[in-house]
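The lines below spell out each chain.
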Amino acid sequence: MQTPESALELLLKHALPVSRTETVALEKALGRVLSEDIVSPMPVPPFDRSPLDGYALCSADIATASREHPVHLRVIGEADAGCTEHFTLTRGEALRIMTGAPVPACCDCVIRQEDTDEGMEQVEIYVSVASGMNVVRAGEDVTQGAVLLRKGTRLGSAALGVLASIGSTAVPVYDRPHVVLLCTGDELVQPGEELVYGKIYDSSRTNLTARLRELGCHVILCPSVPDDPEYAAAAIRANLPEADLVLTTGGVSVGKKDIMHQVLPLLGAERLFWKVAMKPGSPLLCGLVEKKLMICLSGNPFAALAGFELFAKPVLQILAGCTEPVNRRMKAVLRGSFRKGSPQRRMIRGTVWAGEVSPTPGMQTNGALSAMIGCNCLIDIPAGTGPLEEGSMVEVVIL
């Protein structure tokens, strides 16, 4: 039996980034992962600009300015944001300037309008400022030729905004990981079908499909199959050429209907391990089929989701080419209590906010999916821990 840490280490050892790449339009790149470094072709901002409304001028002209002895300068014009005119000033002159407008090369500072009489033809200035004051220099944010974003960066809204600031319209990214998803079980029927006695609706299929798409994966969805190893193996085999990862639910425990132990040899797969020392999701079965990882999760809805978050999600991060860390952990103060002891390592659903975490309302059993509503973390309880009282310090895995 593997610890969660050793199981993940073994999986990541066999996870290789997808080599396929493509170029996508900037507006379609949210959540995608860069396949190349992005080097800025220009400085940002592209010119010296004013960060405020005021007057651009030469600092030497106002070196003696004060309220008692104001300096008077002739105003030669006005520059607004977007102005394309090139102004030339001589000593004793100032340019009325607005936030975002270019600062002429002959000016070395901007005086804010609050320190003037806001004159239009002649301005009275009441303070002195140093050279370079209130001027945002060209390239102050990004220098030309600088590596703006590194290969392996997942593109969020801020990164897309930065790319837009250098005029990018498209970016090179890795292809999305292709994940074959198969849910097994004689008891499963799909939403919309008649629910007869003894059957249940297949929630894991919808839940995991949605989660995979949230993570930017391309999902190859197999029809759910009964507890028959030949059916399951055939469904996987048919989709294996397109797959980067095979993900299944159900059939991984010790009963006569736990078929995945037979499916792996039918596919010619190498078994990596079976069982992880944690609850829920202990009967995790993982292997390699044609050098592709196969992660077989529990059939219980929450156990499947916990196993997915702790083991499949980090693998998908590697497959996507992303170099950013996943499954960030933090310490938090428990609000509320958890009355069960944990003879073995246990993951329970929680909501963490501002350094405090509360178990989510509802049952924490393996089959209870409703307690995932509002859940943004798993509370990681070490083996041998007794009931948790309010105020306890716990470790959480951020989802």
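Refer to the preceding data block for the structure.
A brief look at the structure comes next. (Residues numbered from 1 in each chain as written. Predicted model: local features only at pLDDT ≥ 70, side-chain atom pairs only at ≥ 80, totals over all residues. Heavy atoms only, no water.)

1. What about the sheet that holds strand E15 (residues 270–274)?
The strand order E13-E10-E14-E17-E16-E15 describes an open sheet built from six strands, whose pairing is mixed. Sheet topology places strand E13 (218–221) and E15 at the edges, where each strand pairs with a single neighbour. Averaged over all neighbouring strand pairs, the angle between strand axes comes to 20 degrees, with direction disregarded. With four bridges joining them, E15 and strand E16 (residues 285–289) adopt antiparallel strand pairing. The residue of E16 that forms the bridge with Trp 274 is Leu 285. (Pairing = 2+ DSSP bridges. Helix = DSSP H or I, 4+ residues; strand = E, 2+ residues; numbered from the N terminus. Axes fitted to C-alpha atoms, helices over the stretch in contact; angles between N-to-C directions.)

2. A closer look at the sheet that holds strand E21 (residues 377–381)
One closed barrel accounts for five strands, arranged E18-E20-E19-E21-E22; its pairing is mixed. The mean angle between the axes of side-by-side strands here comes to 55 degrees, regardless of whether they run parallel or antiparallel. Sheet topology places strand E18 (residues 329–334) next to strand E22 (residues 393–398); five bridges connect them, and they run antiparallel. Each residue of the ladder has a partner; that of Lys 331, found in E22, is Glu 395.

3. Some remarks on the state of the cysteines
Applying the stated rule across the entire model yields zero disulfides. Cysteine Cys 107 is unpaired, with the sulfur of Cys 106 as its nearest cysteine sulfur at 4.3 Å. Taking the relative accessible area as the measure of exposure, Cys 107 reaches 4% and is therefore buried. No disulfide involves Cys 222; its sulfur sits 9.2 Å from the nearest other cysteine sulfur, which is in Cys 183. (Disulfide = S-S within 2.5 Å. Buried < 20%, exposed > 50% of the residue type's maximum accessible area, 1.4 Å probe, protein only.)

4. Focus: the pairing of strand E19 (residues 346–353)
Counted residue by residue, E19 has six buried out of eight residues, so it is predominantly covered. Looking at chain direction, E19 and E21 are connected through five bridges and run antiparallel. Across the sheet, the residue bridging to Arg 349 is Leu 378, located in E21. The sheet contact formed by E19 and strand E20 (residues 356–359) spans four bridges and is antiparallel. Residue pairing in the sheet places Trp 353 in a bridge with Glu 356 of E20.

5. Thoughts on the side chain of Arg 32
Among the secondary structure elements, Arg 32 is positioned in the loop between strand E1 (21–25) and strand E2 (38–39). Judged by its relative accessible area of 6%, Arg 32 is buried. Here Arg 32 is in contact with Glu 22, Val 24, Thr 153, Arg 154, Leu 155, Val 173, Tyr 174, Asp 175 and Arg 176, once residues within four sequence places are set aside. (Contact = heavy atoms within 4.5 Å.)

6. Details of the pattern of salt bridges
Under the counting rule described, the total for this entry stands at 18 salt bridges. A salt bridge links Arg 74 to Glu 93, with the nearest nitrogen and oxygen atoms 2.3 Å apart. In this pair, Arg 74 is assigned in strand E4 (residues 71–79) and Glu 93 in strand E5 (residues 93–97), connecting sequence segments 19 residues apart. On the basis of relative accessibility, which here comes to 48%, the residue Arg 74 falls in the partly exposed class. Note on Glu 93: relative accessible area 10%, which makes it buried. As a salt-bridge pair, Glu 309 and Lys 313 come within 3.7 Å of each other at their nearest N and O atoms. Residue Glu 309 and its partner Lys 313 are both found in helix H6 (residues 301–319); the two are separated by four residues, about one turn of the helix. By relative accessible area, Glu 309 is classed as buried at 3%. Accessibility expressed as a relative area gives 10% for Lys 313, which makes it buried. What you see here is one network of salt bridges that share partners, running through Glu 5, Arg 329, Arg 345, Asp 380 and Glu 395. (Salt bridge = Lys/Arg side-chain N within 4 Å of Asp/Glu carboxyl O.)

7. Re the environment of Arg 150
Tracing the chain through its elements places Arg 150 in the loop between strand E8 (147–149) and helix H2 (157–165). Taking relative accessible area as the criterion, Arg 150 reaches 52% and is therefore assigned exposed. With 144 residues separating them in the primary sequence, Arg 150 and Met 294 have C-alpha atoms 30 Å apart. When near neighbours in sequence (up to four residues on either side) are disregarded, Arg 150 contacts Leu 34, Glu 36 and Asp 37. For Arg 150, the side chain forms a polar contact with the side chain of Asp 37, separated by 3.4 Å. (Polar contact = N/O pair within 3.5 Å; in protein donor to acceptor, adjacent residues only side chain to side chain.)

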